[in-house]
Protein chains: 2
Amino acid sequence: MKLDELATPALVLDRSRLERNIARMREHLARLGVGLRPHVKTAKSIDVVRLALAGQPGGITVSTLKEAEYFFAHGVRDILYAVGIAPNKLDHVVALRRQGADVTVLVDNIAAAQAVAARGRARGMDLPALIEIDSDGHRSGVRPGDDTLIRIGAILDMERGATLRGVMTHAGGSYDCKSMGAILAMAGQERVAAVGCAEALRRAGLPCPVVSVGSTPTAACADSFEGVTEVRAGVYMFFDLVMAGLGVCRIDDIALSVLTTVIGHQPRKNRIITDAGWMALSRDRGTAKQWRDQGYGVVCDVHGVPLDDLIVSDTSQEHGIVADRGGGAVDCARFPVGTPLRILPNHACATAAQHSRYHVVDGGLAVEAVWERFGGW
Amino acid sequence: MKLDELATPALVLDRSRLERNIARMREHLARLGVGLRPHVKTAKSIDVVRLALAGQPGGITVSTLKEAEYFFAHGVRDILYAVGIAPNKLDHVVALRRQGADVTVLVDNIAAAQAVAARGRARGMDLPALIEIDSDGHRSGVRPGDDTLIRIGAILDMERGATLRGVMTHAGGSYDCKSMGAILAMAGQERVAAVGCAEALRRAGLPCPVVSVGSTPTAACADSFEGVTEVRAGVYMFFDLVMAGLGVCRIDDIALSVLTTVIGHQPRKNRIITDAGWMALSRDRGTAKQWRDQGYGVVCDVHGVPLDDLIVSDTSQEHGIVADRGGGAVDCARFPVGTPLRILPNHACATAAQHSRYHVVDGGLAVEAVWERFGGW
């Protein structure tokens, strides 16, 4: 099967770009002396994650317990569930641990720590947990310097039913950085927050074996991981237009695209109509706040080569509208009905989530493999 | 099972609101003497669509051939595929028709009409098609008054391999209307465009048995369907915040919500953190351009009652940030870790698409049924 024979829309993954992106992150972190715990929320595919785990300690990061279930069923044992635990999920964690999965949960408040310990006691086991640190103010976690850190640590360490494994932070604010210097500074801030909190726990006599940091921008750009025991990242495998806008990758590093077909034209409006709408591309407009707004994605030919200055300027559920970025003329006759195009995504996690499989190519048009992926909770 | 015992996030559907919304549209269209061809792209569930088809002619509208496959397998035969046909999908349409599905395709240009006729000839059948009319300039279709209409009609009617079934238009521009008067005017414009093009085809000696119009706002508000043979709508079954912002429904007509759990707080920032991020809510921000921006959704208690002025102000993949709409104080102590909340969606199609099942309630907390839904192509 070749790309231009597939029913569209369809998700395409370029294997050589994927392997190059994974190798680059592996070499960068190896140089800095730290291992990677890949975040599997972007790929949600064992085929992709096997490549990402090569040469790494073997643990993964998940964003849902369904990811934990799936990857454990595919042989991954060491699993960090990196979203603050809801009490209604604790019995699922208990069940996974009873089957042999070493699932670690995350807490950033006293009530959650108490709920973890209480459920562990009730089920006759110790549930391991990390404490989430808020290194950049963008979402959740305990602020460095907040006494709550020690109080949570004491609950996890001293109460039966829980074990304190360490700290983790995610500098998601790095997605909003405006320069490489700002990302480098954010990476330093992320590291200092996590290492500082680990030291505060240790000074209080509490154990902190794990010091976990990461986001794709900070992981890719950091120049030191001193005091850090593991780095987490997921988007780096595929990259996307948001990462290219940040300068973390180039456009031709992006391994993921959506194959679509021209279904009509509105020549008086300089528009091409395709069959990839927001259902296939996602509603993510992550580049809207960057220096270069990429609409719903950059338009490439079927070989993956970007076309002039064409972007997907708007979408409805199953329609994409392709136009010149600046509203200029588009030679619709160059793109007759039936022409296959490929769209580079704003946000790899969001676009991949709209699909149930990857059509794997290696530079050319031949589909060399179909890799299943999953969604939901 | 009760809502406050479910693992979160989870999609909730209120059956009595669903039935009320369906009954209201049925009665409105019956008064105006026209039948409904429900658009199943919102629900993607036979359980929902069975309710919508009661008292209707029996045909449906689909946005993907996977929808056509699924609903045909569940006994629906008359299927309009209302996205301009891509040549790579024609053999799928042929296969469905050979199995007995009466699938009609859509074209808005000469090349597509020729492709339909050529494929029909090659496969030894006549493929029925509608011509798409652009009644509002928002996306695709032939503009009323454009000679192309007659040329497309002649190809479909006269060439072997195709059959001209009529015209259809979708006034998607109604989503951007600023008043009920503007929606009523848009409904008139939609009707006049379709009926006018049907008459133009008939004047040219071409058949036009089907005159199909519709969008939820225009279907719900129109005061005449004279000359129209069928109306299409899908969102009206569930409604959503965009429709409420347009005045097409009230907040308490919205039948769909996402159940989530409080996982933490950032009291100094007046924020509550939940486990429903954009993966559960979708990235749709359809109310951002309306008079009342609802963020990523309106926050309700577990019974579905809106809470003060709380909205989901931001999301990441599996985290929601709940805040006061105006940035005011939030009493985090009222919402301890573990509290279940329900989020009303901006756009029912986009939010439902992130889930694989509906948890059906009927006003109370008891989950009375679980209805499967599907996605993909």
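Residues numbered from 1 in each chain as written. Chains lettered and ligands numbered in written order. Predicted model: local features only at pLDDT ≥ 70, side-chain atom pairs only at ≥ 80, totals over all residues.

K.L.:
Tell me about the overall build of chain A, and please be specific about residues and values.
P.N.:
On a plain count of helices and strands, chain A comes out with 11 helices and 17 strands. The C-alpha radius of gyration computed for chain A amounts to 22 Å, which stays within 12% of the reference 21 Å derived for 377 residues, consistent with globular compactness. Taken along its principal axes, the extent of the C-alpha atoms in chain A is 70 × 40 × 35 Å. (Helix = DSSP H or I, 4+ residues; strand = E, 2+ residues; numbered from the N terminus. Rg over C-alpha atoms; globule rule 2.2 N^0.38 Å.)

K.L.:
Give me the lowdown on the sheet that holds strand 2 (residues 35-36) of chain B, citing residues and values where you can.
P.N.:
Residues and elements named next belong to chain B. Across the sheet, eight strands lie side by side as 2-9-8-7-6-5-4-3; this open sheet has parallel pairing. Looking at which strands have only one partner, the edges of the open sheet turn out to be strand 2 and strand 3 (60-62). Sheet strands touched by helix 6 (residues 148-158): strand 5 (102-107), strand 6 (127-133) and strand 7 (162-169). Its angle to strand 7, the strand with the most contacts, is close to 145°. (Pairing = 2+ DSSP bridges. Contact = placed C-beta atoms within 7 Å. Axes fitted to C-alpha atoms, helices over the stretch in contact; angles between N-to-C directions.)

K.L.:
An account of the relation of the copies chain A and chain B is needed here, citing residue identities and associated values.
P.N.:
The two copies are related by a screw motion: chain A maps onto chain B through a turn of 180° and a shift of 0.0 Å along the axis, at an RMSD of 0.0 Å. On the angle and the small slide along the axis, the relation comes out as a two-fold axis. Taking C-alpha positions as the reference, the residue of chain A nearest the rotation axis is A:R283, at 2.6 Å. Taken together, the interface assignments show that 100% of the residues at the interface of chain A recur at the interface of chain B, consistent with an identical surface on both copies. (Least-squares fit on C-alpha atoms with pLDDT ≥ 70 in both.)

K.L.:
Quick rundown of the packing of helix 1 (residues 15-31) of chain B against helix 2 (residues 46-53) of chain B? Include the residues and the values.
P.N.:
Residues and elements named next belong to chain B. It is at 9 Å that the axes of helix 1 and helix 2 come closest, and there the two elements cross at 35°. In terms of crossing hand, the pair formed by helix 1 and helix 2 is right-handed. In contact with L18, E19 and I22 of helix 1, helix 2 contributes V48, L51 and A52. Class assignment of the residues belonging to the contact of helix 1 with helix 2 gives a composition of five nonpolar, no polar and one charged. (Left-handed = near helix turned anticlockwise from the far one by under 90°. Nonpolar A, V, L, I, M, F, W, Y, C, P; charged D, E, K, R; others polar.)

K.L.:
So, the domain arrangement of chain A: which residues are in play, and what are the values?
P.N.:
Residues and elements named next belong to chain A. For chain A, the domain assignment lists domain 1 (3-9 + 255-372) and domain 2 (32-237). The C-alpha centroid of domain 2 is placed 35 Å from the C-alpha centroid of domain 1. Each partner contributes residues to the interface: domain 1 has six residues there, and domain 2 has six residues. Secondary-structure elements contributing two or more residues to the side of domain 1 that touches domain 2 are helix 11 (348-352) and strand 17 (369-372). Tallied by class, residues from the side of domain 1 that touches domain 2 come to five nonpolar, no polar and one charged. (Domains from an automatic or database assignment.)

K.L.:
So what's going on with the nonpolar core? Which residues, and what values?
P.N.:
The biggest cluster of nonpolar side chains holds 266 residues, and the ones touching the most others in it are A:Y81, A:V116, B:Y81 and B:V116. Not counting residues up to four positions away in its chain, the partners in contact with B:V116 are B:I85, B:L90, B:V105, B:V107, B:L127, B:A129 and B:A162. (Core = buried A, V, L, I, M, F, W, Y, C linked by C-beta atoms within 7 Å. Buried ≥ 20, exposed ≤ 12 C-beta atoms within 10 Å, placed from the backbone.)

K.L.:
Give a detailed account of unusual backbone geometry, specifying residues and quantitative values.
P.N.:
Residue and element names in this part refer to chain A. For the peptide bond that leads from T8 to P9, omega is 0°, which places it in the cis range. Located in the positive-phi region is F239, a residue other than glycine, with phi close to 60°. Among the secondary structure elements, F239 is positioned in the loop between strand 9 (230-231) and helix 9 (241-246).

K.L.:
Which residues make up the sheet that holds strand 4 (residues 78-84) of chain A, and what values do they have?
P.N.:
Residues and elements named next belong to chain A. Here we have eight strands laid out as an open sheet, ordered 2-9-8-7-6-5-4-3, and parallel in their pairing. The open sheet has two free edges, formed respectively by strand 2 (35-36) and strand 3 (60-62), since each of these has just one partner strand. Both strand 6 (residues 127-133) and strand 7 (residues 162-169) contribute to a ladder of seven bridges, which runs parallel. Bridge pairing links L130 to G166 in strand 7.

K.L.:
Give me the lowdown on the pairing of strand 5 of chain B, citing residues and values where you can.
P.N.:
Residue and element names in this part refer to chain B. When you tally the buried positions in strand 5, you get five out of six residues, the bulk of the element. Of the strand pairs in this sheet, strand 4 (residues 78-84) and strand 5 are connected by four bridges, and their pairing is parallel. Bridge assignment links D78 to a residue of strand 5, and that residue is D102. Once the chain exits strand 4 it traverses helix 4 (residues 90-99) before rejoining the sheet at strand 5, and the crossover so formed is right-handed. Two elements, strand 5 and strand 6, share three bridges in a ladder whose sense is parallel. Of the residues in strand 6, the one forming a bridge with L106 is L130. One crossover worth recording links strand 5 to the parallel strand 6 by way of helix 5 (residues 110-123), and it is right-handed. (Right-handed = clockwise from strand over helix to strand, strands pointing away.)

K.L.:
Summarise the interface of chain A and chain B; cite the residues concerned and give the values.
P.N.:
Contacts between chain A and chain B engage 49 residues on the former and 49 residues on the latter. Elements supplying a minimum of two residues to the side of chain A that touches chain B: strand 4, helix 5 (110-123), strand 10 (256-266), helix 10 (278-281) and helix 11 of chain A. Sort the elements by how many residues they give to the side of chain A that touches chain B and strand 10 of chain A lands first, with five residues. Within the side of chain A that touches chain B, the residues separate by chemical class into 20 nonpolar, 21 polar and eight charged.

K.L.:
Can you explain helix 2 of chain B? Please cite residues and give values.
P.N.:
All names here are of chain B. Those residues of helix 2 that fall on the buried side of the exposure criterion are I46, V48, V49, A52 and L53. The arc that holds every buried residue of helix 2, seen down its axis, measures 155°, which confines them to one face. Tucked inside the fold, the buried residues of helix 2 contact helix 1, strand 3, helix 3 (65-73) and strand 17 (369-372). Following helix 2 by one or two positions, G55 has its phi on the positive side, about 75°. (Arc of directions from axis to C-beta.)

K.L.:
Could you give an account of the environment of B:K41, naming the residues involved and the relevant values?
P.N.:
As for its placement among the helices and strands, B:K41 is situated in the loop between strand 2 and helix 2. C-beta crowding within 10 Å serves as the criterion here: with 22 such atoms nearby, B:K41 is assigned to the buried category. A sequence separation of 198 residues divides B:K41 from B:F239, and the C-alpha atoms of the two residues are 13 Å apart. If sequence neighbours within four positions are ignored, B:K41 has contacts with A:Q317, B:V62, B:S63, B:E67, B:G234 and B:C349.

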